[in-house]
Amino acid sequence: VRDASGKEVRFPVLLTAHEKDVARRISLAFGQMVNGFDILRAHGASYVCDVNGWSFVKSSSAYYQDAAAVLRRMARRAISGEDSPFLGAHM
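No experiment lies behind these values; they were computed from the predicted model shown.

## A short note on the overall build of the chain
So, step 1. Secondary structure summary: the chain contains two helices and two strands in total.
So, step 2. In sequence order, the secondary structure elements of the chain are arranged as α-β-β-α.
So, step 3. Considering the chain as a whole, with its 91 residues, one finds that 19% of them fall into the buried category.
So, step 4. Considering only contacts in the chain between residues 6 or more positions apart, those separated by 24 or more positions represent 32%.
So, step 5. Of the roughly 6,900 Å² that the chain leaves accessible, carbon and sulfur atoms contribute 57%.

If you want it as structure tokens, here you go:
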């Protein structure tokens, strides 16, 4: 579905615990804390079908709020001297 300007219409989706773990593993695998990915849900299972680095959804204030929270955690961990911004991240 596309809006009047031709952009895909996107909706916030709550991830399951398993999907959150997949999101964490995607971040670790690609070495990025802010990224997007597309999942297909079918027959009780979730399948990752696309991974996008720094994918900005310009009309979504929730996206920017979430991205800002991740970047804030990364900065605080870097300042505090923690080894990795990826450890224990809640997505």
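## Some remarks on the pattern of salt bridges
So, step 1. Enumeration according to the criterion identifies three salt bridges in this entry.
So, step 2. Between E19 and R41 there is a salt bridge, with its nearest N and O atoms 2.6 Å apart. Of this pair, E19 sits in helix 1 (residues 17–30) while R41 is found in strand 1 (residues 35–42), placing the two residues 22 residues apart along the sequence.
So, step 3. When the shortest N-O distance is used, the salt bridge between R25 and D21 registers 3.1 Å. A residue pair is termed a helical-turn pair when its members lie 3 or 4 positions apart in one helix, as R25 and D21 do in helix 1 at four residues.
So, step 4. Exposure remark for R25: the relative accessible area of 43% places this residue in the partly exposed category.
So, step 5. A residue is classified by how much of its surface remains accessible, and D21, at 28% relative accessible area, is partly exposed.

## Examining unusual backbone geometry
So, step 1. Positioned with a positive phi, H43 is a non-glycine residue whose angle comes to about 55°.
So, step 2. Take H43: it is sitting in the loop between strand 1 and strand 2 (45–53).

## Remarks on the environment of D66
So, step 1. Structurally, the position occupied by D66 is in helix 2 (residues 61–80).
So, step 2. Taking C-alpha positions, D66 is 9.1 Å from V34, a pair spaced 32 residues apart along the chain.

## Looking at a nonpolar patch on the surface
So, step 1. A cluster of nonpolar side chains, namely V1, V9 and F11, defines an oily patch on the protein surface of about 350 Å² accessible area.
So, step 2. By the element assignment, F11 lies in the segment before helix 1.
So, step 3. Residue classification places F11 among the exposed residues on the basis of a relative accessible area of 64%.

## Here we look at the confidence of the model for the chain
So, step 1. When pLDDT is averaged along the chain, the result is 80; 82% of the residues meet or exceed 70.
So, step 2. Mean pLDDT values over the elements of the chain span from 83, in helix 2, up to 89, in helix 1.

## A short note on helix 2
So, step 1. Across its 20 residues, helix 2 extends 28 Å between first and last C-alpha, which sits within 8% of the 28 Å expected from 1.5 Å per residue.
So, step 2. Note on helix 2: the residue one or two positions beyond its end, G81, has a positive phi of about 85°.

The rules behind these values
- Residues numbered from 1 in each chain as written.
- Predicted model: local features only at pLDDT ≥ 70, side-chain atom pairs only at ≥ 80, totals over all residues.
- Heavy atoms only, no water.
- Helix = DSSP H or I, 4+ residues; strand = E, 2+ residues; numbered from the N terminus.
- Buried < 20%, exposed > 50% of the residue type's maximum accessible area, 1.4 Å probe, protein only.
- Contact = heavy atoms within 4.5 Å.
- Areas by Shrake-Rupley, 256 points an atom, 1.4 Å probe, with all protein chains shown as cover.
- Salt bridge = Lys/Arg side-chain N within 4 Å of Asp/Glu carboxyl O.
- Patch = residues over 30% accessible without salt bridge, like charges linked within 9 Å, V, L, I, M, F, W, Y side chains within 5 Å.
- pLDDT = per-residue confidence, 0-100.
- Expected span 1.5 Å × (residues − 1).

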